[in-house]
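For reference, the chains in residue letters:
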Amino acid sequence: MKNFHYSIPTEIFFGKGQIQVLGKEIKKYGTRVLLTYGGGSIKRIGLYDEVANILKEHNIDFWELSGIEPNPRIDSVREGVKIIRENEIDFILAVGGGSTIDCSKAIAASYYYDGDPWDLVIRKAKVVDALPLGTVLTLAATGSEMDKGAVITNPETNQKLSFGHISMAPKFSILDPTYTFSVPKIQTAAGVADIMSHTFENYFTLEDGAYLQNRFAEAILKTCIKYGRLALDEPDNYEARANIMWASSWAINGLLSYGKDTNWSVHDIEHELSAFYDITHGIGLAILTPVWMEYVLDDERVDRFVEYGVNVWDIDRSKDKYEIARLAIEKTRDFFKSLEIPMSLREVGIKEEDLEKMAKAAIDNNNGKKIGNFKPLGYEDILNIYRKAY
Ligand code: NZQ
Ligand code: ZN
């Protein structure tokens, strides 16, 4: 196991009714708030009114940035910074899914930078600090509620890139599973696929002695498998929504990657799909993951697939190694299918003639270097994976 510094600074308030802490928590940091949200789901579920009333009761003034897009865009970040500067805002409250939270993190960091926010995303300039941010999560998927990263899209350059800094981690997040009862089937499925993908990215590493972290990862995968379909069938099943929500936070907050040499693969090649076609992140991951698994499976990597098959899918350990690995991959694909996710790039509207362009962009956005370290992927590898997933 490698050395690490454990630090997860976000306070979590988990469970029904935890919104009651909101006013008191915000007041630790400020009284002039930018409330950020997406296309209106928080109004439909009554959460907007609940939040607005709490802010008023606590004499907290607030301004709004609404309409934040899924795959949030740099223009929304620019708009948010403008509102903050014009109104001397001292706290950001993001109410929504990963897109709203990511956009808010980017706004928080851009406040301390005089140039264009896109410079921070492309790492032309460094993040030095961020305004304090709190979140009320409404969709279990990205883990943005408990991590320091943000993913922002620039439609003009067809780029979707991640960046992060410890100051961008939320000061607190309110995780009330009842707010996720209204998440539509396809977003619920995409969320589960995203959580599983974060876990896979941290789990599939070359032997590293991080036995404990790998067992944590398997527990998260088993949780997604146990409750994923149930959340689709019974959207207001509290136990299912609660377990998926907590899994989302722990898949990416550091728990699984501390002490390991992780360098992600599938996420980097999925981001091109969302950048070029604005598709839902988790759907792209579900399509690519089983294909990626088949592509990287070889003698050096088969043992981790055996652990995965035996510990997560309860496959009989006495079988041949490759049989276990292939069965585990098949079960992964079948599971995503059972969540009613379309399982090919063709089905989500991607054009075959763009595959080369996207493979090239993936490498370009990685500074010309191969992607991932479980099995580093070059241009030809990525193109092959896209083609097999087509
Ligand atoms: O915009 P509204 O009206 O709120 O509707 C949203 C949106 O249409 C809807 N929704 C959210 N909560 C709902 C709801 N609908 C009904 N009831 C509710 N309670 O769901 C749709 C998708 O929302 P979005 O926030 O885009 O989804 P998600 O949480 O999956 O976020 C995806 C974004 O996060 C990035 C992705 O790349 C993508 O841009 N990621 C962020 C990461 C991070 N910060 O660490 C890591 C991830 O790997 C990921 O890349
Ligand atoms: Zn993800």
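Across its full length, the protein chain carries 15 helices and eight strands. Projected onto its principal axes, the C-alpha coordinates of the protein chain cover approximately 65 × 45 × 45 Å. The proportion of buried residues among the 390 residues of the protein chain is 59%. Intrachain contacts of the protein chain at a sequence separation of at least 6 include 77% that bridge at least 24 residues. Carbon and sulfur atoms form 47% of the exposed surface of the protein chain, whose accessible area is close to 16100 Å². Side chains of the protein chain give 45 positive and 57 negative charges; the mean places of these two sets differ by 1 Å.

Within a sheet, each strand pairs with its neighbour through backbone hydrogen bonds, oriented either parallel or antiparallel. As summarised here, the arrangement of the six strands in space is 1-8-5-4-2-3, forming an open sheet in which the pairing is parallel. With one partner strand each, in any of the chains shown, strand 1 (11–14) and strand 3 (61–65) form the two edges of the open sheet. When strand polarity is set aside, the average angle formed by the axes of neighbouring strands in this sheet is 20°. The strands that helix 4 (residues 74–87) touches are strand 2 (32–36), strand 3 and strand 4 (91–96); relative to strand 3, the one it contacts most, it runs at about 155°. Packed onto the sheet, helix 9 (residues 238–252) meets strand 1, strand 5 (133–137) and strand 8 (172–175) and runs at close to 175° relative to strand 1.

Think of a pair of aromatic rings as described by two things: how far the centres are apart, and how the planes are tilted against each other in angle. Going through the model one piece at a time under the given rule, you end up with 20 aromatic pairs. Measuring from ring centre to ring centre gives 6.3 Å for F305 and F374, while their planes differ by 50°; the resulting arrangement is tilted. On the criterion of sequence distance, the pair formed by F305 in helix 12 (residues 302–313) and F374 in the loop between helix 14 (355–364) and helix 15 (379–388) is long-range, its members being 69 residues apart. Here the two residues F305 and F374 agree in accessibility, since each one is buried. Sitting above the plane of the F374 ring, R301 keeps its charged end 5.8 Å from the centroid.

The topology assignment puts L285 in helix 11 (residues 281–296). On the accessibility criterion, L285 (0% relative accessible area) is buried. In contact with L285, not counting residues within four places along its chain, are D194, S197, V266, H267 and E270.

Let's shift gears to the site of ligand 1. Not every one of the 31 residues close to ligand 1 is listed here, only the nearest: G39, G98, S99, D147 and K160. The separation between a nitrogen atom of ligand 1 and a polar main-chain atom of Y179 is 2.9 Å. Between ligand 1 and H281 there is a distance of 3.0 Å, counted from an oxygen atom to a side-chain nitrogen or oxygen. Starting from 960 Å² of accessible surface for ligand 1 in isolation, the protein chains cover 89%.

Another aspect to go through is the nonpolar core. One finds Y308, L345 and Y386 to be the most contacted residues of the largest nonpolar core, which totals 108 residues. Top element by residues in this core is helix 11. It accounts for nine residues. Mapped onto the domain boundaries, this core takes at least three residues apiece from domain 1 (11–179) and domain 2 (184–389). Dropping the residues within four chain positions of it, Y308 is found in contact with F200, Y203, F204, L221, M293, W313, A328 and T332.

The subject of this paragraph is the coordination of the zinc ion (ligand 2). In the first shell of the zinc ion (ligand 2), the protein supplies D194 (OD), H198 (NE2), H267 (NE2) and H281 (NE2), at 2.0 to 2.2 Å from the metal. For the zinc ion (ligand 2), the donor residues sit on a single chain with the sequence spacing D-x3-H-x68-H-x13-H. With D194 in helix 7 (residues 185–203) and H281 in helix 11, the pair connects residues that are 87 residues apart, well separated along the chain. Neither residue differs from the other here; D194 and H281 are each classed as buried.

Turning our eyes to something else, we now look at the domain arrangement of the protein chain. Assigned domains of the protein chain: these are domain 1 (11–179) and domain 2 (184–389). A separation of 27 Å is found between the C-alpha centroids of domain 1 and domain 2. Residue-level contacts link 25 residues of domain 1 with 25 residues of domain 2. In terms of surface lost to domain 2, no three residues of domain 1 exceed M146, N158 and K160, which account for 26% of the buried area on that side. Counting across the interface, domain 1 meets domain 2 through one salt bridge. Residue R73 is joined to D278 by a salt bridge in which the shortest nitrogen-to-oxygen separation is 3.6 Å. Seen at the junction of domain 1 and domain 2, the total is six residue pairs in polar contact (both at pLDDT 80 or more). Going through the elements one at a time, strand 1 and strand 7 (159–164) are the ones with two or more residues in the side of domain 1 that touches domain 2. When residues in the side of domain 1 that touches domain 2 are grouped by element, the largest group, three residues, is from strand 7. Its residues placed into classes, the side of domain 1 that touches domain 2 shows 12 nonpolar, seven polar and six charged.

With that settled, the discussion passes to empty space enclosed by the protein. Summed over the entire model, instances satisfying the criterion amount to three cavities of 30 Å³ or more. Quantified by volume, the largest cavity comes out at close to 60 Å³. Lining the largest cavity we find L139, A140, T180, V183, T188, R241, I244 and M245. Looking at which element gives the most residues to the lining of the largest cavity, the answer is helix 9, with three residues.

Basis of the calculations
- Residues numbered from 1 in each chain as written.
- Chains lettered and ligands numbered in written order.
- Predicted model: local features only at pLDDT ≥ 70, side-chain atom pairs only at ≥ 80, totals over all residues.
- Heavy atoms only, no water.
- Helix = DSSP H or I, 4+ residues; strand = E, 2+ residues; numbered from the N terminus.
- Buried < 20%, exposed > 50% of the residue type's maximum accessible area, 1.4 Å probe, protein only.
- Contact = heavy atoms within 4.5 Å.
- Areas by Shrake-Rupley, 256 points an atom, 1.4 Å probe, with all protein chains shown as cover.
- Lys, Arg positive; Asp, Glu negative; His and termini not counted.
- Charge placed at Lys NZ, Arg CZ, Asp CG, Glu CD.
- Pairing = 2+ DSSP bridges.
- Axes fitted to C-alpha atoms, helices over the stretch in contact; angles between N-to-C directions.
- Phe/Tyr/Trp six-rings, centres within 6.5 Å; stacked < 30°, edge-to-face > 60°.
- Lys NZ or Arg CZ within 6 Å of the ring centre and 35° of its normal.
- Near = heavy atom within 4 Å.
- Polar contact = N/O pair within 3.5 Å; in protein donor to acceptor, adjacent residues only side chain to side chain.
- Core = buried A, V, L, I, M, F, W, Y, C linked by side-chain atoms within 4.5 Å.
- Domains from an automatic or database assignment.
- Donors = N, O, S within 2.8 Å, 3.2 Å for Na, K, Ca; no water.
- Buried area = accessible area lost by both parts, 1.4 Å probe.
- Salt bridge = Lys/Arg side-chain N within 4 Å of Asp/Glu carboxyl O.
- Nonpolar A, V, L, I, M, F, W, Y, C, P; charged D, E, K, R; others polar.
- 1 Å grid on protein atoms, 1.4 Å probe; cavity = no way out; pocket = protein on both sides within 12 Å on 5 of 7 lines; lining within 4 Å.
- Points joined across faces, edges and corners; volume = space filled by probe spheres on them.

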